[in-house]
Amino acid sequence: ESRKRAELDAQLLANRIALLKQEEEKAWKKIEETRKRAGEIVELRKQNENKFAAKENFYKQKWESIRAAQAQNAMSRDKARATRDQTRM
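What counts and how
- Residues numbered from 1 in each chain as written.
- Predicted model: local features only at pLDDT ≥ 70, side-chain atom pairs only at ≥ 80, totals over all residues.
- Heavy atoms only, no water.
- Helix = DSSP H or I, 4+ residues; strand = E, 2+ residues; numbered from the N terminus.
- Rg over C-alpha atoms; globule rule 2.2 N^0.38 Å.
- Buried < 20%, exposed > 50% of the residue type's maximum accessible area, 1.4 Å probe, protein only.
- Areas by Shrake-Rupley, 256 points an atom, 1.4 Å probe, with all protein chains shown as cover.
- Lys, Arg positive; Asp, Glu negative; His and termini not counted.
- Charge placed at Lys NZ, Arg CZ, Asp CG, Glu CD.
- Salt bridge = Lys/Arg side-chain N within 4 Å of Asp/Glu carboxyl O.

What follows is about the overall build of the chain. The secondary structure content of the chain amounts to one helix and zero strands. Over its C-alpha atoms the chain spans a radius of gyration of 38 Å, topping by over 25% the 12 Å that the globule rule assigns to 89 residues. Viewed in the frame of its principal axes, the chain has a C-alpha envelope of about 130 × 10 × 5 Å. Classification of the 89 residues of the chain by burial places 0% in the buried group. Here the chain displays about 8800 Å² of accessible surface, and carbon together with sulfur accounts for 56% of that area. On the chain, the mean spot of the 23 positive side-chain charges and the mean spot of the 15 negative ones are 11 Å from each other.

Written as structure tokens, this is what we have:
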């Protein structure tokens, strides 16, 4: 009787250990999936920051180009005005 009880206890412990191992595997799998997803999120965030920086740089250069063109036009106008004023005298 006690031997049967011991065998039953051993089997119950083995089943419990197997169940705990399965749960541990599930937990590790979930941890790995979470790490993978976190890596993907970090990569997406980096890509978005790079896109934003590129867009910001594009508009900054565009603005600088417009300002340079405006300055060039103003200089051309002033030069034309000066030339016109000199020919009137």
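For the rest of this paragraph, the subject is the pattern of salt bridges. Using the criterion set out here, one finds five salt bridges in the structure. Of the charged contacts in the structure, one is a salt bridge between E32 and R35, with a shortest N-O distance of 3.1 Å. Of this pair, E32 and R35 are both found in helix α1 (residues 2-88), three residues apart, which corresponds to roughly one turn of the helix.

Turning to the environment of R88, a few remarks are in order. Here R88 shows up in helix α1. Classification of R88 by relative accessible area gives exposed; the value is 63%. For the pair R88 and K29, spaced 59 residues apart in the sequence, the C-alpha separation amounts to 88 Å.

For A53, the position within the fold is in helix α1. Residue A53 is classed as partly exposed on the basis of its relative accessible area, which comes to 40%. Each C-alpha atom, one on A53 and one on E7, is 68 Å from the other, the two residues being 46 residues apart in sequence.

Geometric values such as these leave the question of function open.
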